[in-house]
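Structure assessment
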Protein chains: 2
Amino acid sequence: MTAGFSFSLRATDGAARTGVIETPRGEIRTPAFMPVGTAGTVKAMLPGHVREAGADIILGNTYHLMLRPGAERVAALGGLHAFMNWPRPILTDSGGFQVMSLGALRKLTEEGVSFRSHIDGSAHMLTPERSIEIQCLLGADIQMQLDECPAIPIEKEAARRSMLLSARWAERSKRAFEEKSAPGQALFGIVQGADYDDLRAESAARLLETGFDGYAVGGLAVGEGRAVMFRVLEATAPRLPADRPRYLMGVGKPADIVGAVARGIDMFDCVLPTRAGRHGQAWTRNGPINIKNAQYADDPAPLDPASACPASRDYSKAYLNHLFRAGEYLGPMLLTWHNVAFYQSLMAEIRAAVAAGRFSEFVADFRAATGESVL
Amino acid sequence: MTAGFSFSLRATDGAARTGVIETPRGEIRTPAFMPVGTAGTVKAMLPGHVREAGADIILGNTYHLMLRPGAERVAALGGLHAFMNWPRPILTDSGGFQVMSLGALRKLTEEGVSFRSHIDGSAHMLTPERSIEIQCLLGADIQMQLDECPAIPIEKEAARRSMLLSARWAERSKRAFEEKSAPGQALFGIVQGADYDDLRAESAARLLETGFDGYAVGGLAVGEGRAVMFRVLEATAPRLPADRPRYLMGVGKPADIVGAVARGIDMFDCVLPTRAGRHGQAWTRNGPINIKNAQYADDPAPLDPASACPASRDYSKAYLNHLFRAGEYLGPMLLTWHNVAFYQSLMAEIRAAVAAGRFSEFVADFRAATGESVL
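Residues numbered from 1 in each chain as written. Chains lettered and ligands numbered in written order. Predicted model: local features only at pLDDT ≥ 70, side-chain atom pairs only at ≥ 80, totals over all residues.

**Some thoughts on the overall build of chain A**
Looking only at helices and strands, chain A has 15 helices and 16 strands in total. Taken over C-alpha atoms, the radius of gyration comes to 20 Å for chain A, in line with the 21 Å a tight globule of 375 residues would show. The C-alpha extent of chain A, read off along each of the three principal axes, is 60 × 45 × 40 Å. The burial tally for chain A puts 54% of its 375 residues in the buried class. Of all intrachain contacts in chain A linking residues separated by at least 6 positions in sequence, the fraction that spans at least 24 positions is 68%. (Helix = DSSP H or I, 4+ residues; strand = E, 2+ residues; numbered from the N terminus. Rg over C-alpha atoms; globule rule 2.2 N^0.38 Å. Buried ≥ 20, exposed ≤ 12 C-beta atoms within 10 Å, placed from the backbone. Contact = placed C-beta atoms within 7 Å.)

**A word on the relation of the copies chain A and chain B**
Here chain A sits on chain B after a turn of 180 degrees about the axis and a move of 0.0 Å along it, with an RMSD of 0.0 Å. Read as a symmetry element, the transformation amounts to a two-fold axis. If distances are taken from each C-alpha of chain A to the rotation axis, the shortest is found for Tyr329(A), at 3.9 Å. In this assembly the copies share their binding face: 100% of the residues contributing to the interface of chain A also contribute to that of chain B. (Least-squares fit on C-alpha atoms with pLDDT ≥ 70 in both.)

**Considerations on helix 13 (residues 317-325) of chain B**
In terms of burial, helix 13 of chain B is largely enclosed, as 8 of its 9 residues are buried. For helix 13 of chain B, the complete set of buried residues consists of Lys317(B), Ala318(B), Tyr319(B), Leu320(B), Asn321(B), His322(B), Leu323(B) and Phe324(B). For helix 13 of chain B, the secondary structure elements touched by its buried residues are helix 4 (80-84) of chain A together with helix 14 (330-355) of chain B. Phi turns positive one or two residues past the end of helix 13 of chain B, at Gly327(B), with a value near 70 degrees.

**What to know about the sheet that holds strand 8 (residues 113-116) of chain B**
Strand pairing in a sheet relies on backbone hydrogen bonds. The paired strands run either parallel or antiparallel. All names here are of chain B. In space, the 3 strands of this open sheet follow the order 7-8-9, with antiparallel pairing throughout. Unpaired on one side and paired on the other, strand 7 (106-108) and strand 9 (123-126) mark the two borders of the sheet. Pairwise comparison of adjacent strand axes, ignoring direction, gives a mean angle of 15 degrees for this sheet. Relative to strand 9, strand 8 runs antiparallel, the two sharing 4 bridges. The residue of strand 9 that forms the bridge with Val-113 is Leu-126. (Pairing = 2+ DSSP bridges. Axes fitted to C-alpha atoms, helices over the stretch in contact; angles between N-to-C directions.)

**Overview of the pairing of strand 3 (residues 26-30) of chain A**
One ladder, built from 5 bridges, connects strand 2 (residues 16-23) of chain A with strand 3 of chain A; its direction is antiparallel. In the sheet register, Glu22(A) faces strand 3 of chain A, and the bridge partner there is Glu27(A).

**Let's talk about the nonpolar core**
Counting 238 residues, the largest nonpolar core has Phe188(A) and Phe188(B) as its most contacted members. Two domains each donate at least three residues to this core, and these are domain 1 (6-30 + 61-270) and domain 2 (271-361) of chain B. Those residues in contact with Phe188(B), other than ones at most four positions away along the chain, are Ile142(B), Met144(B), Phe212(B), Asp213(B), Gly214(B), Tyr215(B), Ala216(B) and Tyr247(B). (Core = buried A, V, L, I, M, F, W, Y, C linked by C-beta atoms within 7 Å. Domains from an automatic or database assignment.)

**Comments concerning the pairing of strand 4 (residues 32-35) of chain A**
Residue and element names in this part refer to chain A. Alternating residues of strand 4 divide into Ala-32 and Met-34 and Phe-33 and Pro-35, and every residue in both groups is buried. Relative to strand 14 (residues 267-270), strand 4 runs parallel, the two sharing 4 bridges. Bridge assignment links Ala-32 to a residue of strand 14, and that residue is Met-267.

**Quick look at helix 15 (residues 359-370) of chain B**
Residue and element names in this part refer to chain B. Taking 1.5 Å as the rise per residue, helix 15 with 12 residues should run 16 Å; its terminal C-alpha atoms sit 16 Å apart, in good agreement. Within helix 15, burial applies to Phe-359, Phe-362, Val-363 and Phe-366. An end-on view of helix 15 places all buried positions within 100 degrees of arc, on one side of the element. Seen from the open side of helix 15, the exposed residues pointing more than 90 degrees away from its buried face are Glu-361 and Ala-368. In this structure, the buried side of helix 15 is in contact with strand 1 (6-13), strand 2 (16-23), helix 10 (254-261) and helix 14. A positive backbone phi angle near 75 degrees is found at Gly-371, which sits one or two residues after helix 15. (Expected span 1.5 Å × (residues − 1). Arc of directions from axis to C-beta.)

**Some thoughts on the sheet that holds strand 1 of chain B**
Residues and elements named next belong to chain B. With antiparallel pairing, the 3 strands of this open sheet are ordered in space as 1-2-3. Both edges of this open sheet fall to strand 1 and strand 3 (26-30), since each of them pairs with a single strand only. Strand after strand, the sheet turns through a mean of 15 degrees between neighbouring axes, direction not considered. Where strand 1 and strand 2 come together, 7 bridges link them in antiparallel fashion.

**A closer look at unusual backbone geometry**
All names here are of chain A. Cis geometry marks the peptide bond from Val-251 to Gly-252, where omega comes out at 5 degrees. Examined against the element boundaries, Gly-252 turns out to sit in the loop between strand 13 (246-248) and helix 10 (254-261). Unusually for a residue other than glycine, Ala-44 sits at a positive phi of about 70 degrees. Positionally, Ala-44 belongs in the loop between strand 4 and helix 1 (47-52).

**Some details on the interface of chain A and chain B**
If you look at the interface, chain A gives 30 residues, while chain B gives 30 residues. Of all the secondary-structure elements, those providing two or more residues to the side of chain A that touches chain B are helix 3 (71-76), helix 4, helix 13 (317-325) and helix 14 (330-355) of chain A. For the side of chain A that touches chain B, the element with the highest residue contribution is helix 13 of chain A, accounting for 5 residues. Along the lines of polarity and charge, the residues of the side of chain A that touches chain B split into 18 nonpolar, 5 polar and 7 charged. (Nonpolar A, V, L, I, M, F, W, Y, C, P; charged D, E, K, R; others polar.)

**Some points on the confidence of the model for chain A**
Here chain A shows a mean pLDDT of 97. Residues at 70 or above account for 100%. Across the predicted assembly, pTM comes out at 0.98 and ipTM at 0.98. (pLDDT = per-residue confidence, 0-100.)

**A few points about the packing of helix 7 (residues 156-180) of chain A against helix 8 (residues 197-210) of chain A**
All names here are of chain A. The contact between helix 7 and helix 8 brings their axes to 10 Å, and the two run at 15 degrees. Taken as axis vectors, helix 7 and helix 8 run roughly parallel relative to one another. Pair helix 7 / helix 8 crosses with right-handed handedness. Where helix 7 abuts helix 8, its residues Ala-159, Arg-160, Met-163, Ala-167, Ala-170, Glu-171 and Lys-174 lie against Leu-199, Ser-203, Arg-206, Leu-207 and Thr-210. In terms of residue class, the contact of helix 7 with helix 8 is built from 6 nonpolar, 2 polar and 4 charged. (Parallel < 35°, antiparallel > 145°, perpendicular 65-115°, else oblique. Left-handed = near helix turned anticlockwise from the far one by under 90°.)

**Considerations on the environment of Met144(B)**
Residue and element names in this part refer to chain B. Looking at the element boundaries, Met-144 is found in strand 10 (residues 142-144). The class of Met-144 is buried, set by 30 C-beta atoms lying within 10 Å. Distance from Met-144 to Pro-305, taken between C-alpha atoms, is 39 Å for residues 161 residues apart in sequence. Excluding its chain neighbours within four sequence positions, the residues that come into contact with Met-144 are Thr-92, Asp-93, Ser-94, Phe-188, Ile-190 and Ala-216.

Next comes the structure, spelled out in structure tokens:
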């Protein structure tokens with residue numbers, strides 16, 4: 001493992017794990033949820049509030065940052081941490097997922113992906129090497145290999161070709177990382193293989209041979225449904241080394257997270273809490289509510305009077321309802337803050353439950369509160 | 001003066017004054033600038049940050065609040081202070097200014113103004129009595145009489161007719177206030193008369209006869225220009241009692257404020273710092289800058305490294321430029337916060353200068369920094 005970066009398991013409960021990732025910029029308690037700071041900001045939140053909510057690490061998007069303001073510009077301004085006033089760990093994706101989503105605007109070859117910017121139409125090329133170079137310019141503490149992320153369903157032969165391309169890109173990413181990275185930075189490989197267990201196994205074996213500081217499970221949460229996702233995790237997680245963090249990319253709803261922890265996952269990211277917050281959806285222990293509904297217009301209760309988060313505790317549902325109806329900035333600001341704090345509380349409860357050996361009780365309570373089964 | 005509400009002059013320097021208004025919800029240091037919280041929120045700011053920036057009092061708009069969420073609803077939810085999580089003093093306007101701006105949608109009679117909501121077209125009537133009733137439902141600490149606010153230029157006869165109507169409404173407002181208000185709440189009358197010194201004098205004399213806790217100068221900052229505004233203040237302020245606060249409504253730019261303080265004004269409100277902040281304009285000691293300009297894209301300096309305000313101190317101009325270019329919420333959030341803090345620092349410096357008997361040096365320094373003459 002890269003010097004200065006380490007992962008210590010503190011406890012396990014069934015397949016569920018809790019531990020700590022140590023980085024030069026601070027520790028990350030796992031299972032961890034990373035709020036998404038797409039373009040150098042967790043949308044509608046102050047970085048200090050993201051931290052106070054309990055986040056140890058946030059995610060930045062290479063694709064967005066390379067286009068605007070530009071990786072070289074961020075580097076000249078002292079790196080992404082200084083730029084966005086977030087001194088703690090940052091994980092960046094490779095940019096691949098967003099680039100692949102450009103459809104007709106991109107072209108995939110062995111070398112990498114050429115594409116046109118969605119902002120100004122300018123031409124760019126993302127290769128495994130350039131992705132790592134950008135992530136190093138940003139100063140990301142945890143960097144991700146460039147991969148291809150096909151949608152499910154996909155024919156098996158196509159899935160294998162894609163997985164093998166990602167495996168070759170993993171090797172190239174690692175070589176580039178060894179050349180360019182700073183001490184204490186880490187590189188994660190990404191397991192692909194769609195919903196084919198044997199392809200997932202082959203992908204994992206190839207990545208392990210190359211060797212990474214952590215392993216992500218990619219290509220899920222792309223519409224395949226929760227049952228398929230959980231089955232892939234059950235087939236994949238046991239093939240990943242116990243002493244490395246496991247990251248399920250782009251997931252998810254609280255039930256997805258609880259179910260994935262039960263299957264051995266340590267790290268998560270998703271735009272859901274922030275995006276939902278901007279659109280008036282608040283997560284509660286019993287599931288999501290739409291604060292814009294008329295039923296809240298006269299409701300004097302806050303979202304969670306027992307919360308340590310001011311957004312959850314100090315404003316009535318009636319006020320939040322009013323802010324959204326009036327189109328006020330403060331509505332998205334408060335509801336994003338609430339949702340980010342809600343997710344961090346969920347992770348803290350998961351960690352405590354695993355540490356105490358009572359994760360199955362936690363899952364049962366979760367099911368009772370939300371009606372969602374995750375096993 | 002209303003029991004529980006008082007104004008103490010602490011020092012004067014020429015016509016400039018500094019003092020303290022005491023209310024049951026806390027004191028207001030004067031000269032004071034009130035950030036505008038139109039619809040129950042100082043746009044894009046947390047109330048705690050408004051306070052930390054130095055604001056002792058904010059302004060709420062009766063017109064907006066009566067339409068949405070509705071004054072009776074706010075009252076049922078505990079009043080505007082509890083509703084918006086701002087426990088300190090609030091001044092509400094009468095609603096008249098916004099209603100008069102509705103043009104063809106409103107009709108003025110001796111009784112009051114009937115109008116249709118800009119939100120849903122519903123019919124409403126605002127009278128002096130209803131305006132006070134709404135302000136009492138909201139729980140405003142300082143309430144304003146309903147008045148008519150004609151544009152300048154206006155023929156003298158029309159200006160006098162309008163001023164006399166406002167004076168009759170002032171009397172009706174006071175009777176309603178005496179019936180409905182809670183202990184410690186205060187009512188201000190509003191001097192009208194356009195740019196006719198003798199009408200302003202007559203308006204002030206009529207209001208003094210009725211008797212109010214404070215006196216506002218209305219009908220300015222409506223396009224008449226700074227020279228006319230200052231001349232009207234010079235004619236009007238000396239006719240107002242020294243032991244009552246004087247409030248210049250809807251003003252203004254820093255130079256307007258400094259010039260009005262030099263002419264004996266104690267209180268101000270304006271949407272400028274918040275509206276400008278949402279649109280990328282940051283106020284600095286040398287005047288406003290547009291943070292979206294390309295020249296800031298690589299500027300590592302914050303807006304004010306010596307400020308106690310995190311928004312001014314902890315984020316580079318390059319980052320703020322990026323946030324506005326990317327259309328991120330955090331751009332308006334930080335720039336509004338910066339501008340509100342800038343205005344509050346300006347007021348603190350004005351108060352200190354008047355208290356120390358060096359207000360003319362302050363005005364000279366202000367002119368040297370901004371190039372704007374206010375005398």
